[in-house]
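# Fold and geometry: a report
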Protein chains: 4
Amino acid sequence: MQREGALKIPVIAANNARCKQLFDNRYGTGQSTLTAVMSATNLLIAGKTTVVAGYGWTGRGLAFYARGFGARVIVVEVDPVKALEALADGFAVMSLAEAAPLGDLFLTATGSIGVLRREHFQRMKDGALLANAGNYAHEIDVPALRQLAREEREVRRHVTEYVLRDGHRLHLLAQGALVNIVASDGHPVEIMDLSFSVQALAVHYLAQHADELKPGVVPLPDEIDFAIARTRLELLGVRLEKTTAEQEAYQQSWREP
Amino acid sequence: MQREGALKIPVIAANNARCKQLFDNRYGTGQSTLTAVMSATNLLIAGKTTVVAGYGWTGRGLAFYARGFGARVIVVEVDPVKALEALADGFAVMSLAEAAPLGDLFLTATGSIGVLRREHFQRMKDGALLANAGNYAHEIDVPALRQLAREEREVRRHVTEYVLRDGHRLHLLAQGALVNIVASDGHPVEIMDLSFSVQALAVHYLAQHADELKPGVVPLPDEIDFAIARTRLELLGVRLEKTTAEQEAYQQSWREP
Amino acid sequence: MQREGALKIPVIAANNARCKQLFDNRYGTGQSTLTAVMSATNLLIAGKTTVVAGYGWTGRGLAFYARGFGARVIVVEVDPVKALEALADGFAVMSLAEAAPLGDLFLTATGSIGVLRREHFQRMKDGALLANAGNYAHEIDVPALRQLAREEREVRRHVTEYVLRDGHRLHLLAQGALVNIVASDGHPVEIMDLSFSVQALAVHYLAQHADELKPGVVPLPDEIDFAIARTRLELLGVRLEKTTAEQEAYQQSWREP
Amino acid sequence: MQREGALKIPVIAANNARCKQLFDNRYGTGQSTLTAVMSATNLLIAGKTTVVAGYGWTGRGLAFYARGFGARVIVVEVDPVKALEALADGFAVMSLAEAAPLGDLFLTATGSIGVLRREHFQRMKDGALLANAGNYAHEIDVPALRQLAREEREVRRHVTEYVLRDGHRLHLLAQGALVNIVASDGHPVEIMDLSFSVQALAVHYLAQHADELKPGVVPLPDEIDFAIARTRLELLGVRLEKTTAEQEAYQQSWREP
């Protein structure tokens, strides 16, 4: 919108705040998605091959938590640096075409569309589970899944079974919508505290600086991120280290001490 | 019962089967308890100090899964060897008296009674969560908690808040009964497949050998454990390594090859 | 030896002591083997596919520590229950024939012989690393490797390169002997404290009870294991929980409380 | 230097490259530092309380790998958002004053100076280990440590023991210099491949664009990071997912699909 000049007012990209992205996307979606999958299906995560599409903050949360419950995780990425990170973090990395026949559970978290599609559904194992934890209901191509299926029924609350023409069954959770919101309570409350703080303080900042700000994306000032994190730490009774005057001076200068 | 001669019939201690204990107690209770806590409370596990009382198979499952979701885990044990193992597994180990003021979440899995008691409740943090994953509803001394409280109310489904006289609030899950059964669906189905197989084949074995067996505890024959595990692996398409004749011979003998 | 009546004196199987097996085999061999591999090769463990043959206490230590440094781990087992455990612990499980072409690093810990053999060497990737952490130098069939090779040279201290006839190179560490002893300092000292305590107290026990004991394998009395663990915990300042009189009574009885 | 106009030529901050920072700082320093500590001391990491000062990329590597070997990790930070992340990643967070009496092993990775100082040394446990994995030899205040000590001797290669006046002993590794370079081989070679690629291609870029670039810090072009990562993935035989035309279009536009 910025590039096209479509923003008529100053806007803060609250999702880019560190206190939003690092916590809400990673730990919030991570925990609530896994909880949703476990309670919707009553299946064991341990031992399941879990394919995570997207290794942004959301995908990382999913991958680490799935491993924490004993899954073997395959990461699918388009960005080569993120792919190398996923490898070094101990995950297998491959294309979706390669991962399709291996996965017991597929979790999408790319922020894009048409991630799991016809060509993948056709190669999946009997009984594979499909769930979306990304931003939209478009990551799993549900219309294509419907076309492939000769039968569709709800086998458990929030679990739709599609019987493909060859008899293979795929289980779609929450109809491809955000599984952590549909089949669970969404993010844990402590996470929403952070996210809502970002939003409230961003609006407050916009209101306060209405006169100076120009239309377009305004970065969230670092102090807001810091203030939110500091308040949370105080509530938890956690003490930060303080920078000494000597350290301060050292960090300001490029000269050898 | 055996010691006192109270067993009048042959009995198999199905809970001691490897296919029961290693899976049901560890992974089954582990996953379902954490899922129950997360969905009953909608709180974030990451960053919470979680106290696990008991480091048997159940406690191990709880400790590893809680860490897998980002908790810091304190283990409480009476057995010194298990305590050393918990330490080497990366957990803090201490007495309950020491852990009481530190925990955000307490999980009992000792198989004993009166584990969390008056003296501990009085030292806990405001807002601490208490849940039982052990064998009985006696691990958390609920009558003592009631006596200490000046107020009791259900604040969320399966969560009872006790306001102590000093204003501190403790949150008891599932009234101290098995939290994974009351506030969730119990063990994942794949786990029950194993446990029920143990039970069914144990009964089958007792019936088949009724004539030979004497009253008392009969050990589950290894072959039953192996047969169950082998069947599951086959279903999963997992291939075991086979012992070679040379290896077989080597393992049978104590002589240098 | 016991079965064949070859034991002429009372013997304690010190390796079966909990304070030996759970610590020395698991954490001691685990840490020292990984350290040896890392320092002998100067290669990154993160992202490497590591094949662990054997999922006894030693293999578990290797598997968990390799994962702790970012490896993807494949476990090879002959015991179906252990194989299921490895799966539930989040590892891939397969036969060596399947794992041979996948592994970057092979670690043997079976206590048996001829584990990695001709048929596996021939299918391994160029550059694969082979190391033994088991009980003997017989787990990797070095003579077979030599026969397959058209060239052999030391490429780094403790690393021998074998160039197979097809040009593939395999790297054998410590000539197939125990890699943690040859290429590193062996177990950390705290581990040896435990193991030597077991051995010393086992000898002491044998001496004290020389008159009563018959030839054959004598189990290490639990009290010795407990005493060693308790001493270590005291030195570390770690406090055990104490069983209450009420709990003691409960655990002694099979009657409902 | 840029701020003060002290840069007379165009300069690329190679350390900020994703292929440098995410791998070299995190996994490279992580693995080689832990290896150095283990081989210099022959001590067990499992069960040790490890204090990591700084939760940048280096500190994260140290914290995750230390936990991977069974340590309990305490993170010390000045940045409140990083402190919250460390908490959610499952680590304890506190000030150095609080951590000083708790740590068995201290690892500095702040990039600053005077991190471990007199006031901390005085509160440390007998036998505590001190090692630096940060950028300079100034993170541990060695002169202050010398002043406090009544005795100094090398107890093992790369390990200097300081006996404080009260009899407490502190063990400094590698004299406070970079422990992974002094007491081990430095980064694994695969990591150096990435880092040297960044440096070589950065120099190549500067040379190619010498005419257009102005004095000051020039960002490393994304394509260089991508090209390096892509080459590595190809060598490893790892396949990236490809963005479809439909996805490309979706990501370019802010309009609902």
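Note that the structure is predicted; figures quoted are calculated from it, not measured. (Residues numbered from 1 in each chain as written. Chains lettered and ligands numbered in written order. Predicted model: local features only at pLDDT ≥ 70, side-chain atom pairs only at ≥ 80, totals over all residues. Heavy atoms only, no water.)

Further remarks concern the relation of the copies chain B and chain A. Once turned by 180° and shifted 0.0 Å along the axis, chain B lies on chain A with an RMSD of 0.0 Å. On this basis, the relationship between the two copies can be described by a two-fold rotation axis. Minimal C-alpha separation from the rotation axis in chain B is found for Gly68 of chain B, amounting to 1.8 Å. In this assembly, 100% of the residues forming the interface of chain B have copies in chain A that are likewise at the interface, indicating an isologous arrangement. (Least-squares fit on C-alpha atoms with pLDDT ≥ 70 in both. Contact = heavy atoms within 4.5 Å.)

Glancing now at the confidence of the model for chain A. On average, residues of chain A score 95 in pLDDT, and 100% of them are at 70 or above. Interface scoring of the predicted complex returns ipTM 0.94; its pTM is 0.96. (pLDDT = per-residue confidence, 0-100.)

Here we come to the packing of aromatic side chains. Applying the stated criterion to the full structure yields 20 aromatic pairs over all chains. Relative to Phe91 of chain A, the ring of Phe64 of chain A has its centre 5.4 Å away and its plane inclined at 90°; by these criteria the two rings are edge-to-face. Here Phe64 of chain A, found in helix H2 (residues 57-68), pairs with Phe91 of chain A, found in the loop between helix H3 (80-88) and strand S4 (92-93); they are 27 residues apart in sequence, far enough to count as distant. Under the relative-accessibility criterion, Phe91 of chain A is labelled buried at 1%. Seen from their ring centres, Phe69 of chain C and Tyr65 of chain D are 4.5 Å apart, and the 5° between their planes marks the pair as stacked. Placement of the pair is Phe69 of chain C in the loop between helix H2 (57-68) and strand S3 (72-76) and Tyr65 of chain D in helix H2 (residues 57-68), with the two residues belonging to separate chains. (Phe/Tyr/Trp six-rings, centres within 6.5 Å; stacked < 30°, edge-to-face > 60°. Helix = DSSP H or I, 4+ residues; strand = E, 2+ residues; numbered from the N terminus. Buried < 20%, exposed > 50% of the residue type's maximum accessible area, 1.4 Å probe, protein only.)

Right, let's get into the relation of the copies chain D and chain A. Taken as rigid bodies, chain D and chain A are interconverted by a rotation of 180° and an axial shift of 0.0 Å, the fit giving an RMSD of 0.0 Å. A shared binding surface is used by both copies, with 100% of the interface residues of chain D retained as interface residues in chain A.

Below, the discussion takes up H2 of chain A. All names here are of chain A. Over its 12 residues, H2 runs 16 Å from end to end, which matches the ideal 16 Å to within 8%, given 1.5 Å per residue. Counting buried residues along H2, 10 of its 12 residues qualify, which places the element largely inside the surrounding structure. Along H2, the residues that are buried comprise Thr58, Gly59, Arg60, Gly61, Leu62, Ala63, Tyr65, Ala66, Arg67 and Gly68. One or two positions beyond H2, positive phi appears at Gly70, with a value near 95°. (Expected span 1.5 Å × (residues − 1).)

Residues and elements named next belong to chain D. Side chains Leu105 and Leu107 project from strand S5 (residues 105-108) onto one buried face, and the interleaved Phe106 and Thr108 project onto a second face that is buried too. Judged from the 4 bridges that link them, strand S2 (residues 49-53) and S5 form a sheet pairing that is parallel. When the sheet's bridge partners are listed, Val51 is paired in S5 with Phe106. Examined bridge by bridge, S5 and strand S6 (residues 128-132) share 4 bridges and lie parallel to one another. If you follow Leu107 over to S6, its bridge partner there is Ala131. (Pairing = 2+ DSSP bridges.)

So, about the side chain of His171 of chain D. Residue and element names in this part refer to chain D. By the secondary structure assignment, His171 is in strand S9 (residues 169-173). Judged by relative accessible area, His171 falls into the buried class, the value being 13%. If near-sequence neighbours (up to four positions away) are discounted, His171 is found in contact with Gly127, Ala128, Leu129, Leu130, Val155, Val159, Thr160 and Glu161.

The next point concerns the interface of chain D and chain A. Contact residues are listed per partner, giving 62 residues for chain D and 63 residues for chain A. Contact between chain D and chain A buries roughly 5200 Å² in total, counting both sides, with carbon and sulfur atoms accounting for 61%. Contact with chain A buries surface across chain D, with Leu84, Ile113 and Glu241 of chain D losing the most and accounting together for 13% of the total. In this assembly, chain D and chain A are joined by 8 salt bridges. A salt bridge links Glu98 of chain A to Arg239 of chain D, with the nearest nitrogen and oxygen atoms 3.4 Å apart. For the pair chain D and chain A, the number of links is 28 residue pairs in polar contact (both at pLDDT 80 or more). Those elements that place two or more of their residues in the side of chain D that touches chain A are helix H1 (18-41), helix H3 (80-88), helix H4 (96-99), helix H9 (222-236) and helix H10 (245-252) of chain D. Of the residues forming the side of chain D that touches chain A, the biggest block, 8 residues, is contributed by H3 of chain D. (Buried area = accessible area lost by both parts, 1.4 Å probe. Salt bridge = Lys/Arg side-chain N within 4 Å of Asp/Glu carboxyl O. Polar contact = N/O pair within 3.5 Å; in protein donor to acceptor, adjacent residues only side chain to side chain.)

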